[in-house]
Amino acid sequence: MTTVVAQGTFDILHPGHLHYLREAGSMGDELHVILARRSNVTHKEPPILPDTQRREMVDALDPVTEAHLGHESDIFVPIERIDPDVIVLGHDQHHDDDAIRRALADRDIDCEVVRATPHETDEEVLSTGRIIDRICEQRCG
C-alpha cells in the first residue's frame, strides 16, 4: 500500500485545492492531508476559519483518507507518525523541496517529495487570498 501526504492551509476551499488533492490521491492508496495550524501560518495572512473547521472540511473530500492538524511546533511530527511513501507539495507552495528532503533524511524518513501540477482550466481559479479580496471588494466596499 502506498501512503501519500499532502499539506496546506486549506482556508477557503476552491478548485485549485481539489485539483491538488485529487492529483496527490492518485499517487497512492491512502491520502493523508496535514493542515497547518493557524498559529504556524507565517508566510501569508492567517486563515479565517478555525483549525478544526478547516480539518473537518478537508476530511470530508472524496480523495482524502484522513485529514490531520499539524503539530504546533514541529511540522515533521505528523509525517513521522503517518510514515508516507510520497509527500506531494502544491505547485505554488512556498516550501524548499531540497530542504524538506534533507530534513526527512536527517530524521530517517524515506519518502519521495514531488510537486503537484497547476490546475489547468479555461475558468479563473482564485487563490484563497484573492477570493477574500473579491468578497471584500464586492460586499464590503
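Before going into details, it helps to say that this report is about the structure given with it. Remember, it's a predicted structure, so these values are computed and weren't measured experimentally.

What counts, and at which threshold
- Residues numbered from 1 in each chain as written.
- Predicted model: local features only at pLDDT ≥ 70, side-chain atom pairs only at ≥ 80, totals over all residues.
- Heavy atoms only, no water.
- Salt bridge = Lys/Arg side-chain N within 4 Å of Asp/Glu carboxyl O.
- Helix = DSSP H or I, 4+ residues; strand = E, 2+ residues; numbered from the N terminus.
- Core = buried A, V, L, I, M, F, W, Y, C linked by side-chain atoms within 4.5 Å.
- Buried < 20%, exposed > 50% of the residue type's maximum accessible area, 1.4 Å probe, protein only.
- Contact = heavy atoms within 4.5 Å.
- Patch = residues over 30% accessible without salt bridge, like charges linked within 9 Å, V, L, I, M, F, W, Y side chains within 5 Å.
- Areas by Shrake-Rupley, 256 points an atom, 1.4 Å probe, with all protein chains shown as cover.
- Lys, Arg positive; Asp, Glu negative; His and termini not counted.
- Charge placed at Lys NZ, Arg CZ, Asp CG, Glu CD.
- Polar contact = N/O pair within 3.5 Å; in protein donor to acceptor, adjacent residues only side chain to side chain.

Now for the pattern of salt bridges. Where charged atoms of side chains with opposite charge meet at close range, the side chains can pair. The full count for this structure, using the stated rule, is 7 salt bridges. Linking Asp 74 and Arg 107 is a salt bridge whose minimum nitrogen-to-oxygen distance equals 2.9 Å. Here Asp 74 is found in the loop between strand 3 (66-69) and helix 3 (77-82), whereas its partner Arg 107 is found in the loop between helix 4 (97-106) and strand 5 (112-115), with 33 residues between them in sequence. The network of salt bridges with common partners includes Asp 74, Glu 80 and Arg 107.

Turning our eyes to something else, we now look at the nonpolar core. Core analysis: the biggest nonpolar cluster contains 16 residues, and Leu 21, Leu 31, Val 33 and Val 58 have the highest contact counts within it. Within the residue set of this core, elements represented by two or more residues are strand 1 (3-8), helix 1 (15-25), strand 2 (30-35), strand 3 and strand 4 (86-89). In this view, Val 58 contacts Phe 10, Leu 13, Leu 21, Val 33, Leu 35, Val 64 and Ala 67; residues no more than four positions away in its chain are not counted. Membership of the second largest hydrophobic core comes to 13 residues, among which are Val 5, Leu 89, Ile 109 and Val 113.

A cluster of acidic residues, Asp 29, Asp 83, Asp 85 and Asp 110, forms a negative patch at the surface. The topology assignment puts Asp 110 in the loop between helix 4 and strand 5. The exposed category is assigned to Asp 110, whose relative accessible area is 71%.

With a phi angle near 55°, Asp 83 is a residue other than glycine that sits in the positive phi range. Here Asp 83 shows up in the loop between helix 3 and strand 4. The backbone phi angle of Asp 108 is positive, close to 55°, even though this residue is not glycine. Along the chain, Asp 108 turns up in the loop between helix 4 and strand 5. By relative accessible area, Asp 108 is classed as exposed at 74%.

As a further point, take the environment of Asp 85. Positionally, Asp 85 belongs in the loop between helix 3 and strand 4. Judged by relative accessible area, Asp 85 falls into the partly exposed class, the value being 34%. A C-alpha to C-alpha distance of 17 Å links Asp 85 and Ala 99, two positions 14 residues apart in sequence. If we ignore the near neighbours within four places in the chain, the residues touching Asp 85 are Met 1, Thr 2, Thr 3, Cys 111 and Glu 112. A polar atom in the side chain of Asp 85 sits 2.7 Å from the backbone nitrogen of Thr 3.

So far we have only geometry, and geometry alone does not tell us how the molecule works.
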